[in-house]
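Geometric and topological summary
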Amino acid sequence: MKRVTYIISDVDKALAFEWLARGLERKFDLSFILIGKPESIFSQFLKEHSIRFYEIGNTKYPSRIKKWVQLFWILVKEKPDVVHTHLWNANLLGLSSAWLLNIEKRIYTRHHACVHYHDFPSGRKWDILCNRLATHIVAISKNVEEILIDWDKADKRKIKLIHHGFDFQYFNSVSKERVDQLVDKYCLPEHSFPVVGVISRYMKWKGVQYVIFAFQKVRENYPSAKLVLANAHGEYEKAIKDLLQSLPRDSFIEINFEEDLAALYRLFDVFVHVPIDAHAEAFGQTYIEALLTQTPSVFTLSGIAREFVVHKKNAWVVDFESTDQIAEGIKEILENGVLREQLKHEGEVAARQFSLKGYILALEKLYTD
């Protein structure tokens, strides 16, 4: 049985990795190295399911060198045939130590898109290093594949396009009781209509600022409308909070983190996700999640949406940075019942191409070929 070690940094609750762990544990001798917050929700999951894991926690003055040494000796102990790294610190520390140990397969999944070209150019040299240290690179969308090949000039022979996969049962089996619990938890009044949902960190490139402007326009026709902003934190937080001051305080709710993601989507009459350019999103899991829950959605075409979202077929598509078009899309979905039902049905059908089974089979093939 091949020994596969996942190295992951800076996660707490991690549904995708929970699904992967359960899907891969029967075929591989699987272990995890978690870098960052100790005793995370994900580490508790691994413990409950008796999956071997190690934690390299943050200290008061965290040292990358100290973490690298800890990681190196864990890999010496584990002797994996495959190392697969996810997220920034894990990529840097994991790939370098695995390279030094001459581990046969050194894989990393590229979870970011063009942020090092637009916002943090100093990171480009580390992307190039990771591309060279890895024997295989997983591109999670054609957008990421394009950036790796055309922008980074990475070796295209290393790159494997593997889309994220989703557990359909998780999104479909949501009881009314779970939804009602969230209604009570967030004090959502019964008369709130429509509820416009956003699940996005406060990053400038996510486009939340344009949703706020659009919501102001929607309230002109729907004064009882409620804006729900989940994952409400990030480096653009001050600017977003300043914009929210233009709204009545009772017209929006900010949620830092909600564990019951599938139930949260059920609160929304319309979902909006509008990154500001085509390359901004590496994938954009929220595109798929919203459609799997049959939540009619307003999107810009970024990340994975470029590959399958079609205007007026499975979502309402708007131009980048267009407040007016976002407001128009929300209103059209609310007022056109035929369109709304079509978007709900066709959206779910389209999202079902991203199956967890297909994702796991693709990874199994990558590890064993």
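It should be emphasised that the depicted structure is a prediction, and the values quoted were computed from it without experimental measurement.

What counts, and where the lines are drawn
Residues numbered from 1 in each chain as written. Predicted model: local features only at pLDDT ≥ 70, side-chain atom pairs only at ≥ 80, totals over all residues. Heavy atoms only, no water. Helix = DSSP H or I, 4+ residues; strand = E, 2+ residues; numbered from the N terminus. Buried < 20%, exposed > 50% of the residue type's maximum accessible area, 1.4 Å probe, protein only. Contact = heavy atoms within 4.5 Å. Salt bridge = Lys/Arg side-chain N within 4 Å of Asp/Glu carboxyl O. Pairing = 2+ DSSP bridges. Axes fitted to C-alpha atoms, helices over the stretch in contact; angles between N-to-C directions. Patch = residues over 30% accessible without salt bridge, like charges linked within 9 Å, V, L, I, M, F, W, Y side chains within 5 Å. Areas by Shrake-Rupley, 256 points an atom, 1.4 Å probe, with all protein chains shown as cover. Disulfide = S-S within 2.5 Å. Parallel < 35°, antiparallel > 145°, perpendicular 65-115°, else oblique. Left-handed = near helix turned anticlockwise from the far one by under 90°. Nonpolar A, V, L, I, M, F, W, Y, C, P; charged D, E, K, R; others polar.

Its location among the elements puts Thr323 in helix H15 (residues 323-335). Exposure remark for Thr323: the relative accessible area of 15% places this residue in the buried category. Apart from the residues within four sequence positions on either side, Thr323 is in contact with Tyr210, Phe213, Ala214 and Lys217.

To continue, consider the pattern of salt bridges. Taken as a whole and assessed by the stated rule, the structure comprises 23 salt bridges. For Glu258, the salt bridge goes to Lys185, with nearest N and O atoms at 2.7 Å. Of this pair, Glu258 sits in the loop between strand S10 (252-255) and helix H12 (261-265) while Lys185 sits in helix H9 (residues 176-185), and the two are 73 residues apart along the sequence. The class for Glu258 is buried, based on a relative accessible area of 9%. Of the charged contacts, one joins Glu348 and Arg352 as a salt bridge, the two residues approaching to 3.5 Å between their closest N and O atoms.

Let us now look at the sheet that holds strand S5 (residues 105-110). With respect to topology, 7 strands assemble into an open sheet ordered S3-S2-S1-S4-S5-S6-S7, the strand pairing being parallel. The open sheet has two edge strands, strand S3 (52-57) and strand S7 (159-161), and neither has a second partner. Going from strand to strand, the sheet's axes swing by 20 degrees on average, the running direction of each strand aside. Against the sheet, helix H4 (residues 88-100) makes contact with strand S1 (3-9), strand S2 (29-36), strand S4 (82-86) and S5, and its axis sits at roughly 155 degrees relative to S4, the strand it touches most. In the packing of helix H7 (residues 142-151) onto the sheet, contacts are made with S5, strand S6 (136-139) and S7, and the angle to S7 comes to roughly 165 degrees.

This part covers a nonpolar patch on the surface. Nonpolar side chains collect at one region of the surface, where Ile65, Val69 and Trp73 lie side by side and expose about 350 Å² of accessible area between them. Inspection of the secondary structure assignment puts Trp73 in helix H3 (residues 64-78). Owing to a relative accessible area of 56%, Trp73 belongs among the exposed residues under this scheme.

Let us now look at the state of the cysteines. Using the criterion set out here, one finds 0 disulfides in the structure. There is no disulfide at Cys114, and the cysteine sulfur nearest it, in Cys130, is 17 Å away. The class of Cys114 is buried, set by a relative accessible area of 2%.

Sheet architecture is open: 6 strands sit in the order S10-S9-S8-S11-S12-S13, paired in parallel fashion. In this open sheet, the two strands that pair with only one neighbour each are S10 and strand S13 (316-317). In this structure, strand S12 (residues 297-299) lies alongside S13, joined through 2 bridges in parallel fashion. Bridge pairing in S13 places Val298 opposite Trp316. Each of strand S8 (195-199), strand S9 (226-230) and strand S11 (270-273) is contacted by helix H10 (residues 208-221), which is oriented at about 170 degrees to S9, the strand it contacts most.

We now examine the packing of helix H13 (residues 285-292) against helix H16 (residues 337-351). Between H13 and H16, whose axes approach to 7 Å, the crossing angle comes to 125 degrees. Taken as axis vectors, H13 and H16 run oblique relative to one another. Viewed along their axes, H13 and H16 form a crossing whose handedness is left-handed. On the side of H13, the interface is formed by Ile288, Leu291 and Leu292, while H16 contributes Gly347, Glu348 and Ala351. Grouping the amino acids of the contact of H13 with H16 by side-chain chemistry returns 4 nonpolar, 1 polar and 1 charged.

Attention shifts here to the packing of helix H1 (residues 15-24) against helix H17 (residues 356-368). Across the interface, H1 lies against H17 with an axial gap of 10 Å and an inter-helix angle of 60 degrees. Our classification of the angle between H1 and H17 gives oblique. By crossing handedness, the relation of H1 to H17 is classed as right-handed. The segment H1 lies against H17, with Trp19, Leu20, Gly23 and Leu24 engaging Leu356, Tyr359, Ile360, Leu363, Glu364 and Tyr367. Looking at the contact of H1 with H17 residue by residue, the class counts come to 8 nonpolar, 1 polar and 1 charged.

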